[in-house]
Each structure stands twice: as structure tokens, then as C-alpha cells.
Amino acid sequence: MRTAPENVRRVACVGAGVIGGGWVAHFLARGYDVTAWDPAPDAERKLRRLVDAAWPALISLGLAEGASADRLTVTDTLEQAVADAEFVQESAPEKLDLKRDLLARLDAATPPGVVIASSTSGYPMTDMQTSAADPSRLVVGHPFNPPYLIPLVEVVGGERTDAQAVAWAARFYEVAGKSVITMDKEVPGFIANRLQEALWREALHMVASGEATVRDIDLSITEGPGLRWAVMGPMLTFALAGGEGGMAHMLDHFGPSLKSPWTRLEAPELDKELYDAVVAGCDEAADGRSIADLVAERDRGVIDVLRATGRLDRGEGAR
Ligand SMILES: NC(=O)C1=CN([C@@H]2O[C@H](COP(=O)(O)OP(=O)(O)OC[C@H]3O[C@@H](n4cnc5c(N)ncnc54)[C@H](O)[C@@H]3O)[C@@H](O)[C@H]2O)C=CC1
Ligand SMILES: C[N+](C)(C)CC(=O)CC(=O)[O-]
């Protein structure tokens, strides 16, 4: 039985690390009852700490009516977590065999018809749904960190997913306050991660070859294109590079430079030297700030950007 997206009240989150915990915080803030399960022995303590740390940001964004961190129940078993769920979000580690087994287990334990979404960063659902008895209700719902602040979710099904389950998930996320891109077919890396991956590969090449430091790379985005990208995507931003001639003039003018040997899109070897350089560069960039300090700083910054660009009021949540 599939509840209408607008009427969902109970959400289950399975896997409660960085992303699962972020989903829990998001759904709680939108007024849902949330059950969560994670096999790690100290998972509940870490999850509640993550929710507590996120809550001030969520209050400042505005909680849905009745929203409360007390509406979180951490269960002892996966089966208890999903037994009454009207939607399930899986956020377990990015390992294909683990996802396959877990999605099959979730399918067996979740009431019939209820949509089950995976947070996977890149596995096609076709490859993950192979062991489930009912693959038709399995979709990808790929979030961005932290899911309680970054609106985007990328939604796509696999070859054996029912199109109605994809449409249901897209609508549910919208009601729950997310901004949704739905893909009609499985795109390698989805859309946003494919773009991020291209940037990331170039960044690693530049660090590996000594062309740029970790700090240079971060500054080049936060003080440069990143400021524009929060307002307008790379396409419209570049249309403005063409002045009054817009994108047509931009392509006439700069199109030939696409052939310049700027990019090195083959992945660099992630050897020890590159690994150490990236880790040390990030430690240096953190300049004594702990991960918790950086999370709080990022959250404040993202909220300021969302507020400044008028993107705070989304979705109805659980009413
Ligand atoms: N970290 C990120 O920035 C993003 C991650 N994702 C995706 O979210 C998923 C989770 O990633 P993270 O939260 O970063 O990882 P994480 O390592 O922070 O959390 C994974 C959690 O899953 C739990 N777990 C281990 N085995 C499990 C099982 N069999 N069943 C249920 N839970 C299990 C672990 O105890 C841990 O708490 C992955 O699919 C990842 O690709 C998606 C978007 C962004
Ligand atoms: C690093 N990552 C590939 C897991 C990132 C994502 O999947 C999305 C994000 O939050 O940027």
C-alpha cells in the first residue's frame, strides 16, 4: 500500500552516518516521525549528536509545525525500523554487494508498495536491485551533504523500477522540502556528481603535478565561480560572458578554446604522495578548526546563501 506523498508521516532511515544522520535531521525538521537503524554499536550516540549539532541551523531555517528531535526512534533491528514506514531512505556504505543485500533485506521487511530510496553516490539502481524480490519500488534518491541544508536530490530508477515509484519519490521529496531532478534513464554519475567529478579530477591533477596547492584550489572556487554558481548555474553564467550577444556570442568567441589542452580528464593515480598532499593541504587549510567547527561554519554559510537568494520556503513537510 503506497500512501500519497502529501500524506506520509513516518519515514525510516537505514544507515545513520554522515548522510543517513543528515537525512534524519532533515525529516525531523520537516515534521516527520523518523525511525532509524544502523548496525554500529555507537550509532545512536553519534546520530543524536549529529541531530543536536544540526538543530540550531534547522531552527534558524524554520521548523515545520510539530517538528521535534524527540520524534526520532532508534531501533534495535532493521525490521523494527521499517515495519510501519511509509518511505525508506537507505544510506549505508558505498559498497555494491552490501547495497544489493541490504536493499533485498529492506524489500523483504518493508510493507508492500512502500518506496525504498538509496542515497548511493553513483551506483546505477539496475546494478543494486538484482537481489530484491520486488525491484519495482527501488529508486535512487541521491542527496548532497548535508541533506538537511542542500536542497538537491537526484532521482532515478533502474531497469526494473516502476516509473510510478520514481514519480512518487520525486513528489515525496518535493513535499519534504527538497529540490528534485528526475532522470528518465540511468546517467553515469547522475548529473551533479558527474560535474563535480570532472572538477575533482582536474583539482587532483593540479595538486599531483604541483600546479596548485589545496588552498589555491579551494580559493579559486569560493572567491571565484562558486559565488556565481550559488545564484546561476554554469550555463547561464557563461551566457552572461557573451555580453549582449549572450550564449551565441560566448560560443563564437570562446568555443575554439574548448580544443585547448586545458583538461586532463583521465583520473590521476591516487598514490600515497597525492593522498598525503591532499590530506595535509586540507589540515593546513582548516588552520586549527576541528571538523565540528568546519561543519558549523559551512552550515552558517549555506544558510546565509539560501536566505540571501530567497530559497528558504520549500515543501509542506508532514502536516
Ligand atoms: N558523504 C557524502 O558526502 C555523501 C554520501 N552519499 C552516499 O550516502 C551513503 C552513505 O555514505 P556516508 O553517510 O558518507 O557514509 P558513513 O560511513 O558516514 O555512514 C555509513 C553508515 O552505514 C552504517 N552501516 C554499515 N553497514 C551497514 C548495513 N549493512 N546496513 C545499514 N547501515 C550500515 C555504518 O555503521 C555507518 O554509520 C553512501 O551510499 C554514499 O555514497 C551521498 C551523498 C553525499
Ligand atoms: C563525495 N561524494 C561523491 C560522496 C559527494 C556526493 O555524492 C554528493 C555531495 O554531497 O557532494
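Predicted model only: the values in this text are computed from it and were never measured.

Colleague: Explain the nonpolar core to me, and be specific about the residues and the numbers.
Modeller: By size, the foremost hydrophobic cluster in this structure holds 40 residues, and its most contacted members are Val 24, Phe 27, Tyr 32, Phe 87, Phe 172 and Tyr 173. Broken down by secondary-structure element, the contributors of at least two residues to this core are strand S1 (10-14), helix H1 (18-29), strand S2 (33-37), helix H2 (43-61), strand S5 (115-118), strand S7 (152-157), helix H6 (163-175) and helix H13 (291-308). When residues of this core are assigned to their parent elements, the largest contribution, seven residues, is made by H6. Sequence-distant contacts of Phe 172, defined by excluding residues within four places in its chain, comprise Pro 5, Val 8, Val 11, Phe 27, Tyr 32 and Phe 87. Within the second largest apolar cluster, 22 residues are counted, among which are Ala 12, Ala 132, Leu 138 and Val 140.

Colleague: Before we move on, could you go through the pairing of S1 and cite the residues and values that matter?
Modeller: With four of five residues buried, S1 is to be regarded as a mostly interior element. In this sheet, S2 lies alongside S1 in parallel orientation, the contact comprising five bridges. Counted as the bridge partner of Arg 10 is Asp 33 from S2. Summarising the sheet, S1 and strand S4 (residues 87-90) pair through four bridges and their orientation is parallel.

Colleague: Give a description of the packing of aromatic side chains that names residues and reports values.
Modeller: The geometry of an aromatic ring pair is captured by two quantities: the separation of the ring centres and the angle between the planes. Considering all chains together, one arrives at eleven aromatic pairs under this definition. Centroid distance Trp 168 to Phe 172: 5.4 Å. Interplanar angle 10°. Geometry classified as stacked. In this pair, Trp 168 and Phe 172 are both assigned in helix H6, four residues apart and thus about one turn of the helix distant. You can call Trp 168 buried: its relative accessible area is 8%. Here the aromatic cluster, defined as three or more aromatic residues joined through ring pairs, consists of Trp 23, Phe 27, Tyr 32, Phe 87, Trp 168, Phe 172 and Tyr 173.

Colleague: For the pattern of salt bridges, give the residues involved together with the corresponding values.
Modeller: Under the criterion given, the structure shown has 17 salt bridges. We note a salt bridge from Arg 100 to Asp 97, for which the minimum N-O separation is 3.5 Å. Here Asp 97 and Arg 100 lie together in helix H4 (residues 96-109), a separation of three residues that amounts to about one turn. Given a relative accessible area of 54%, Asp 97 falls into the exposed group. Asp 299 serves as the salt-bridge partner of Arg 298, at 3.1 Å between the closest nitrogen and oxygen. Relative accessible area serves as the criterion here: at 28%, Arg 298 is assigned to the partly exposed category.

Colleague: Would you mind going over the packing of H1 against H2 in detail, with residue names and values included?
Modeller: Axis separation between H1 and H2 bottoms out at 9 Å; the angle between their running directions is 50°. Of the possible angle classes, the one that applies to H1 and H2 is oblique. Handedness of the crossing formed by H1 with H2: right-handed. Contact residues: Val 18, Gly 21, Gly 22, Val 24, Ala 25, Leu 28 and Ala 29 in H1; Leu 47, Leu 50, Val 51, Ala 54, Trp 55 and Leu 58 in H2. Classifying every residue of the contact of H1 with H2 gives eleven nonpolar, two polar and no charged.

Colleague: Would you mind going over the site of ligand 1 in detail, with residue names and values included?
Modeller: Neighbouring residues of ligand 1: 22 residues in total, closest Ile 19, Asp 38, Glu 94, Lys 99 and Ser 121. One nitrogen or oxygen atom from the main chain of Ala 92 is found 3.3 Å from an oxygen atom belonging to ligand 1. The protein chains hide 72% of the 830 Å² of surface that ligand 1 would expose on its own. Residues belonging to the shell around ligand 1 are distributed by class as follows: eleven nonpolar, eight polar and three charged.

Colleague: So what about the UniProt feature "domain: 3-hydroxyacyl-CoA dehydrogenase NAD binding" (unreviewed entry) in the chain? Which residues, and what values?
Modeller: Under the feature "domain: 3-hydroxyacyl-CoA dehydrogenase NAD binding" (unreviewed entry), the UniProt entry names residues 11-186. From the first C-alpha to the last, residues 11-186 spans 25 Å; its make-up is 38% helix and 20% strand.

Colleague: So, the UniProt feature "binding site: NAD(+)" (unreviewed entry) in the chain: which residues are in play, and what are the values?
Modeller: Mapped onto the present numbering, the UniProt feature "binding site: NAD(+)" (unreviewed entry) falls on Gly 15, Ala 16, Gly 17, Val 18, Ile 19 and Gly 20. The residue Val 18 is located in helix H1 in this model. Once residues lying within four places of it in the same chain are set aside, the contact partners of Val 18 are Leu 50 and Asn 145. With respect to the helices and strands, Ile 19 occurs in helix H1. Beyond its immediate chain neighbours, meaning those up to four positions away, Ile 19 contacts Ser 91, Ser 119, Pro 143, Asn 145 and Pro 147.

Colleague: Go over a nonpolar patch on the surface with me, naming the residues and quoting the values.
Modeller: A cluster of nonpolar residues, Val 231, Met 232, Leu 236 and Leu 240, forms a patch on the protein surface that exposes about 400 Å² of accessible area. Considering the arrangement of structural elements, one finds Met 232 in the loop between helix H9 (225-229) and helix H10 (234-241). Relative accessible area serves as the criterion here: at 30%, Met 232 is assigned to the partly exposed category.

Colleague: Just give me the short version of the sheet that holds strand S3 (residues 72-74), but keep the residues and values in it.
Modeller: The strand order across the open sheet built from eight strands is S3-S2-S1-S4-S5-S6-S7-S8, with neighbouring strands paired in mixed fashion. The open sheet has two edge strands, S3 and strand S8 (179-182), and neither has a second partner. Ignoring strand direction, the axes of neighbouring strands in this sheet form an average angle of 25°. Those strands touched by H2 are S2 and S3, and its axis lies near 160° from that of S3. Here H6 sits on the sheet in contact with S1, S4, S5, strand S6 (138-142), S7 and S8, set at roughly 170° to S7.

What counts and what doesn't
- Residues numbered from 1 in each chain as written.
- Chains lettered and ligands numbered in written order.
- Predicted model: local features only at pLDDT ≥ 70, side-chain atom pairs only at ≥ 80, totals over all residues.
- Heavy atoms only, no water.
- Core = buried A, V, L, I, M, F, W, Y, C linked by side-chain atoms within 4.5 Å.
- Buried < 20%, exposed > 50% of the residue type's maximum accessible area, 1.4 Å probe, protein only.
- Helix = DSSP H or I, 4+ residues; strand = E, 2+ residues; numbered from the N terminus.
- Contact = heavy atoms within 4.5 Å.
- Pairing = 2+ DSSP bridges.
- Phe/Tyr/Trp six-rings, centres within 6.5 Å; stacked < 30°, edge-to-face > 60°.
- Salt bridge = Lys/Arg side-chain N within 4 Å of Asp/Glu carboxyl O.
- Axes fitted to C-alpha atoms, helices over the stretch in contact; angles between N-to-C directions.
- Parallel < 35°, antiparallel > 145°, perpendicular 65-115°, else oblique.
- Left-handed = near helix turned anticlockwise from the far one by under 90°.
- Nonpolar A, V, L, I, M, F, W, Y, C, P; charged D, E, K, R; others polar.
- Near = heavy atom within 4 Å.
- Polar contact = N/O pair within 3.5 Å; in protein donor to acceptor, adjacent residues only side chain to side chain.
- Areas by Shrake-Rupley, 256 points an atom, 1.4 Å probe, with all protein chains shown as cover.
- UniProt positions renumbered as here; feature names shortened; annotations may be inferred.
- Patch = residues over 30% accessible without salt bridge, like charges linked within 9 Å, V, L, I, M, F, W, Y side chains within 5 Å.

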